[in-house]
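Residue-level structure breakdown
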Amino acid sequence: MQDREALRWEALHWKEDGQSRQCRWHSESRPQPPARVMVVDDRLPADRAWQLACEGTALLWRGDYHNARQLLQAMGRRAERSLGKRAGKAGAGSAPAVFPEAFHQHRMQQAQRARTLGMVLVELQPGGELGLPRAPQLAPVLEAAFGAAAPELLADGLVLSLRELLGLIGAWQWQRKGVWIDALGAAIHPCYGVFSPLRGEYLELIARQPLSAAASTLALDVGTGSGVIAAVLARRGVGRVLATDLSPRALACAAANLARLELVDRVELLAADLFPAEVSGLPLIVCNPPWLPAKPSSTIEQAVYDPDSRMLRAFLAGVGARLSADGEAWLILSDLAEHLGLRSREQLLGWIAAGGLQVRSRADIRPRHGKGQDRADPLHAARANEVTSLWCLSRS
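Residues numbered from 1 in each chain as written. Predicted model: local features only at pLDDT ≥ 70, side-chain atom pairs only at ≥ 80, totals over all residues. Heavy atoms only, no water.

1. What to know about the sheet that holds strand S10 (residues 240-245)
Reading across the sheet, the seven strands line up as S11-S10-S9-S12-S13-S15-S14 and stay open at both edges, with mixed pairing between neighbours. The sheet is open, and its two edges are formed by strand S11 (267-271) and strand S14 (357-365), each paired on a single side. Ignoring which end each strand starts from, the neighbouring axes of this sheet average 20° apart. Here eight bridges tie S14 to strand S15 (residues 388-395), and the two strands are oriented antiparallel to one another. Bridge pairing in S15 places arginine 362 opposite tryptophan 391. Across the sheet, helix H9 (residues 248-260) is in contact with S10 and S11; its angle to S11 comes to roughly 170°. (Pairing = 2+ DSSP bridges. Helix = DSSP H or I, 4+ residues; strand = E, 2+ residues; numbered from the N terminus. Axes fitted to C-alpha atoms, helices over the stretch in contact; angles between N-to-C directions. Contact = heavy atoms within 4.5 Å.)

Structure below.
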C-alpha cells in the first residue's frame, strides 16, 4: 500500500523520567515533529491540554487509551467553541460570506484546528503495539496502511498523533465495510490514503452517459484512485479499460477492488502521470480531477484540492492529442470552485478551447450531501448552489 519513499521520517525528542529519549516521528501532513513535548496521562484536565496544545506543546500520552480518545473529543469541543466565538464576533445578521476570502479563512481555521488536535501523541512500540491500557490490536490496521513495508517501518517503533492513528483505524474499518456504489451494484473498498467515493452522484453521470460503439471497445480512466470509475466503465460493457495513477497506494487499492469485482481481465492498471506513454487514438478518456484549486494539507486531500488547477489544466491541454478523430473526453467536475470564487466558468471554457477541444454536451446533477443543507456551514452559500457536471468534449 505504501512504500518507504512515501513516508516522511524525522526524530521526535523528549525527556521522560529524567532521561532523554527519541523515536521516529510519522505524519502525513506534518513532516517536522513538534519542538516541545510533555509526557502526560489521565490526570491532565482537558482545559489544560487545550491550552498547552494551543501554545504549541505536544502531549505524549501515557494513560488509558479510551481516556485519550475522550480527551481528544473534549479538545475538539473546545475547538468548535473557539471557532463559534470568532464567528459570533462577526455579529448575527452580518453581511453574507464573501468568496474567496471566506473560503481561505475557513481553510486556515480548519488547518489550525487540525494542528492543535494533532498535538496529542501516542507511541507505537517496536512491532506496532500501542502499549496503553485498553488499547486495540493494531496489527491489521497497520498492515492495511503500510502493506509489506509495515514490519520494517515499525521495527524500532514510532510516534504519531492520536488523531492520525484514529484516521488509520477509521480507514481500515471503511476498507473492511466498503462503500456501496449503485452504479456498480457492488461495494468499493477504499484504502487508507485513497479517496472514498462517498459522493455517488458523479458516478451516476458516468453510468448513464451514452456510450458510442467505439467507446465500448476501449477507454482510459485518468487518475483512477480506488478504481471505481474504471469498474463502472467495465461493468457498462467497455471491453478494455486502461486506468492510470501515480500513487502506489491508489494502484494497489484499485487492484484489490478490481480483483474483488472480478474485473482484472477487463482493466489494466498503469503507473503514469495522467496519460500512459505512447498511447493515442483512444475513443473515450474519462477524468475526475480534484475539484478545488487550493493547496492540500494531507495526502488524502490531494483528491479534492489541486493547486492552481494543475491536473485539470494538464488534462485539458493533453487529452486532445490522445483522442481518436471522433473520440470523446468525459470531464467530471463540480462548479463549487466557481461559487467559491476560486475559478471562473470563463477560465474553464478558455482552457477547453486552448486544448483544441469543443463541448459536445453537458449533463448536470445536484449533489445530495448534507453540507448543502447545513446553514451553519460557513461555505453553505456556495455549497447550496453546487452542480456536478459531465462535460463531453471532442477535438475541435
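2. Focus on the environment of arginine 21
Locating arginine 21 in the fold gives a position in strand S2 (residues 19-26). When its relative accessible area of 31% is taken as the criterion, arginine 21 is described as partly exposed. If sequence neighbours within four positions are ignored, arginine 21 has contacts with Leu12, His13, Trp14, Glu16, Arg62 and Glu123. A distance of 3.0 Å separates polar atoms of two side chains, one belonging to arginine 21 and the other to glutamate 123. (Buried < 20%, exposed > 50% of the residue type's maximum accessible area, 1.4 Å probe, protein only. Polar contact = N/O pair within 3.5 Å; in protein donor to acceptor, adjacent residues only side chain to side chain.)

3. Quick word on the side chain of histidine 106
Position of histidine 106 among the secondary structure elements: in helix H3 (residues 101-117). Histidine 106 sits in the buried class, given a relative accessible area of 15%. Apart from residues no more than four positions distant in its own chain, histidine 106 is found in contact with Pro378 and Leu379.

4. Describing the packing of aromatic side chains
Applying the stated rule across the entire model yields two aromatic pairs. Taken together, a centroid distance of 6.4 Å and an interplanar angle of 90° make the contact between tyrosine 202 and tryptophan 291 edge-to-face. Pair noted here: tyrosine 202 is in helix H7 (residues 201-208) and tryptophan 291 is in the loop between strand S12 (282-287) and helix H10 (310-322), with a separation of 89 residues, a long-range link. Here phenylalanine 275 and phenylalanine 315 contribute two aromatic rings whose centre-to-centre distance is 5.9 Å and whose plane-to-plane angle is 20°, an arrangement assigned as stacked. (Phe/Tyr/Trp six-rings, centres within 6.5 Å; stacked < 30°, edge-to-face > 60°.)

5. Notes on the side chain of threonine 388
One can find threonine 388 in strand S15. In this view, threonine 388 contacts Arg199, Glu201, Tyr202, Leu205, Trp291, Ile332, Leu333, Ser334, Ala363, Asp364, Ile365 and Pro367; residues no more than four positions away in its chain are not counted.

6. As for the pattern of salt bridges
For the coordinates displayed, the defined rule picks out 19 salt bridges. Its salt-bridge partner being arginine 249, residue glutamate 28 comes within 2.4 Å of it at the nearest N-O pair. Highlighted residues: glutamate 28 in the loop between S2 and strand S3 (36-40) and arginine 249 in helix H9, separated in sequence by 221 residues. Arginine 249 shares its class with glutamate 28; the two are buried. For the salt bridge of aspartate 64 with arginine 134, the shortest nitrogen-to-oxygen distance reads 2.9 Å. With aspartate 64 in the loop between strand S4 (57-61) and helix H2 (65-90) and arginine 134 in the loop between strand S5 (120-124) and helix H4 (139-146), the pair connects residues that are 70 residues apart, well separated along the chain. Several salt bridges share partner residues, and in doing so they unite Glu16, Arg21, Arg62 and Glu123 into one network. (Salt bridge = Lys/Arg side-chain N within 4 Å of Asp/Glu carboxyl O.)

7. A few points about the packing of H10 against helix H12 (residues 345-354)
Packing of H10 against H12 leaves a shortest axis separation of 7 Å and a crossing angle of 35°. The segment H10 lies against H12, with Leu312, Arg313 and Leu316 engaging Leu348, Trp351 and Ile352. Its residues placed into classes, the contact of H10 with H12 shows five nonpolar, no polar and one charged. (Nonpolar A, V, L, I, M, F, W, Y, C, P; charged D, E, K, R; others polar.)

8. Topic: the environment of serine 280
Residue position: serine 280 is located in the loop between S11 and S12. A relative accessible area of 52% places serine 280 in the exposed class. Through-space distance from the C-alpha of serine 280 to that of alanine 114 is 43 Å; in sequence the pair is 166 residues apart. Once you skip the residues sitting within four places of it in the chain, serine 280 turns out to touch Ala321 and Arg322.

9. Some thoughts on the pairing of S2
Pairing of strand S1 (residues 9-16) with S2, which is carried by eight bridges, proceeds in the antiparallel orientation. Across the sheet, tryptophan 9 pairs through a bridge with histidine 26, a residue of S2. A loop of two residues connects S1 with S2, the two strands running antiparallel in sequence, and aspartate 17 in this loop sits at a positive phi of about 55°.

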